[in-house]
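Chains, contacts and geometry: an overview
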Amino acid sequence: MSGSQDNLLAEDRDQVRILTMNRSEMMNALNFDMLRALKTQIESLRFNKDIRVVIITGAGQKAFSAGADLKERATLTDIQVREFIYTIRNLLTDIESLNKPVISAVNGVALGGGTEIALASDLRIVSMNATMGLTETRLAIIPGGGGTQRLPRLIGRGKAKELIFTGRRVGAEEALDIGLANKICEPEELMGEAIKLAGAICETGPIAIEQAKYAIDAGMETDLHTGLAIESNAYWITIPTEDRLEGLAAFREKRKPVYKGK
Ligand code: COA
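Parameters at a glance
Residues numbered from 1 in each chain as written. Predicted model: local features only at pLDDT ≥ 70, side-chain atom pairs only at ≥ 80, totals over all residues. Heavy atoms only, no water. Pairing = 2+ DSSP bridges. Helix = DSSP H or I, 4+ residues; strand = E, 2+ residues; numbered from the N terminus. Core = buried A, V, L, I, M, F, W, Y, C linked by side-chain atoms within 4.5 Å. Buried < 20%, exposed > 50% of the residue type's maximum accessible area, 1.4 Å probe, protein only. Contact = heavy atoms within 4.5 Å. Salt bridge = Lys/Arg side-chain N within 4 Å of Asp/Glu carboxyl O. Axes fitted to C-alpha atoms, helices over the stretch in contact; angles between N-to-C directions. Parallel < 35°, antiparallel > 145°, perpendicular 65-115°, else oblique. Nonpolar A, V, L, I, M, F, W, Y, C, P; charged D, E, K, R; others polar. Near = heavy atom within 4 Å. Polar contact = N/O pair within 3.5 Å; in protein donor to acceptor, adjacent residues only side chain to side chain. Areas by Shrake-Rupley, 256 points an atom, 1.4 Å probe, with all protein chains shown as cover. Phe/Tyr/Trp six-rings, centres within 6.5 Å; stacked < 30°, edge-to-face > 60°. Lys NZ or Arg CZ within 6 Å of the ring centre and 35° of its normal.

Quick look at the sheet that holds strand β9 (residues 131–133) now. In a beta sheet, neighbouring strands are held together by backbone hydrogen bonds and run either parallel or antiparallel to one another. Sheet architecture is open: 4 strands sit in the order β5-β7-β9-β10, paired in mixed fashion. Looking at the sheet topology across the chains shown, the edges are occupied by β5 (63–65) and β10 (170–171). When β9 meets β10, the two strands line up antiparallel, connected through 2 bridges. Considered in β10, the bridge of M132 is made with V170.

See below:
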């Protein structure tokens, strides 16, 4: 264990940190404490060179996260609700802009903020027993953790409007069909698949991954011409690295490269 708070467990497997939302009796619903624990973890990972990939999942068999803690919500003043939304929006932006890949291993119900965590992640592996959805309009509110922005960017405007306007939940197969899931698998295979994917990423150059993530994310928010300039600058950063020379040496010597993030 690399440390944990009660509501968020943190475990390292080689270069992969697994963060497990741990309020299974409440479907891993997100309260202020959970958001703060996630923020602390994400902030600590930015400059941690030993960790290459982050996996976020939920404790138990039933839920990834059922979204905002509606029991806590009922006790909050209007200002406190604003603070919650501000906190989750910034947290999910921090997850999205973390300089290493984040995989959501969606192990069950992911509603509202649960789906928004998955959307802020780079990749989503979804268990066959999962359901996902931005159900907020059914509570007479709207997605506030970036869902109105990230869902249409991922699956297209029309489908996103359909799902947000109705609050309909989708199962794993539909999530895969519409591009919400990268991959689906049986529940018992979920963590294995997520770790396998993380392991494949760990074989690559850390600086390359950081720059590729930045180029894709920054470039997709602009026109092609500007995006190509972003890609060019991101490429230039990889050229003077020791890792680039190591990649060429390993190819010449027919061995696996050993990258150091330098
Ligand atoms: N906030 C707080 N508690 C929640 C919760 C949430 N978002 N979602 C589930 N729980 C709690 C339930 O209240 C219940 O606790 P209780 O036994 O003390 O009443 C426990 O988790 C189990 O949930 P339950 O509803 O009994 O399980 P289920 O399998 O029948 O249904 C859900 C699971 C997630 C489909 C259902 O609880 C639900 O719709 N939750 C609300 C999800 C939502 O609207 N999220 C968006 C918020 S913006």
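From this point on, the discussion continues.
The next subject is the nonpolar core. A general trend in soluble globular proteins is that nonpolar side chains are found buried together. With 47 residues, the main nonpolar core has M132, L151 and L180 as its most contacted residues. Residue contributions to this core peak at 7 residues, all from helix α1 (residues 32–45). For M132, the residues in contact, after removing those within four places along its chain, are V106, A110, L111, T115, A118, V126, R168, R169, V170, A175 and L180. With 13 residues, the next largest nonpolar core counts I103, L190, A194 and C202 among its residues.

So, about the pattern of salt bridges. In this structure the tally under the stated criterion is 18 salt bridges. Residue D12 pairs with R17 through a salt bridge whose shortest N-O separation is 2.7 Å. Notably, a salt bridge pairs R255 with E253, separated by 2.7 Å at the nearest N-O pair. Looking at R255, the relative accessible area reads 34%, which means it is partly exposed. Overlapping salt bridges, with partners in common, bring together K159, E162, R168 and E174 in one network.

Below, the discussion takes up the packing of helix α9 (residues 206–220) against helix α10 (residues 224–238). With their axes 9 Å apart at the nearest point, α9 and α10 run at an angle of 170 degrees to one another. With respect to α10, the axis of α9 lies roughly antiparallel. Taken together, the residues of α10 that come into contact with α9 (itself represented by I207, A208, Q211, Y214, A215, A218 and G219) are G227, I230, E231, A234, I237 and T238. Among the residues forming the contact of α9 with α10, the class breakdown is 8 nonpolar, 4 polar and 1 charged.

Inspection of the region around the ligand gives 15 residues, with A66, A68, D69, L70 and K71 positioned closest. At 2.8 Å, a backbone N or O of A66 approaches a nitrogen atom of the ligand. In the model, a nitrogen atom of the ligand is placed 2.9 Å from a nitrogen or oxygen of the L70 main chain. Starting from 860 Å² of accessible surface for the ligand in isolation, the protein chains cover 59%. Listed by contribution, the elements that provide at least two residues to the shell around the ligand are α2 (70–73) and β7 (109–111). Here the shell around the ligand is built from residues that sort into 9 nonpolar, 1 polar and 5 charged.

With that settled, consider the side chain of R150. Along the chain, R150 turns up in helix α5 (residues 147–155). Not counting residues up to four positions away in its chain, the partners in contact with R150 are L92, T93, E96, L119, A120 and G145.

Turning to the packing of aromatic side chains, a few remarks are in order. Enumeration according to the criterion identifies 2 aromatic pairs in this entry. Here the aromatic rings of F32 and F84 are separated by 5.3 Å at their centres, their planes lie at 80 degrees, and the arrangement is edge-to-face. Of the two residues, F32 is situated in helix α1 and F84 in helix α3 (residues 78–96); the sequence distance between them amounts to 52 residues. Among the residues examined, F32 registers a relative accessible area of 9% and is labelled buried. Sitting over the ring of F84, R73 keeps its end group 5.0 Å from the ring centre.

The buried count for strand β8 (residues 123–127) comes to 4 of 5 residues, which makes it a mostly enclosed element. Pairing of strand β6 (residues 102–106) with β8 involves 4 bridges; the strand directions are parallel. Bridge assignment links A105 to a residue of β8, and that residue is I125. Two strands pair when backbone bridges link them, and β8 and strand β11 (residues 183–185) are joined in this way by 3 bridges, in the parallel orientation. By the bridge assignment, S127 is partnered in β11 with C185.

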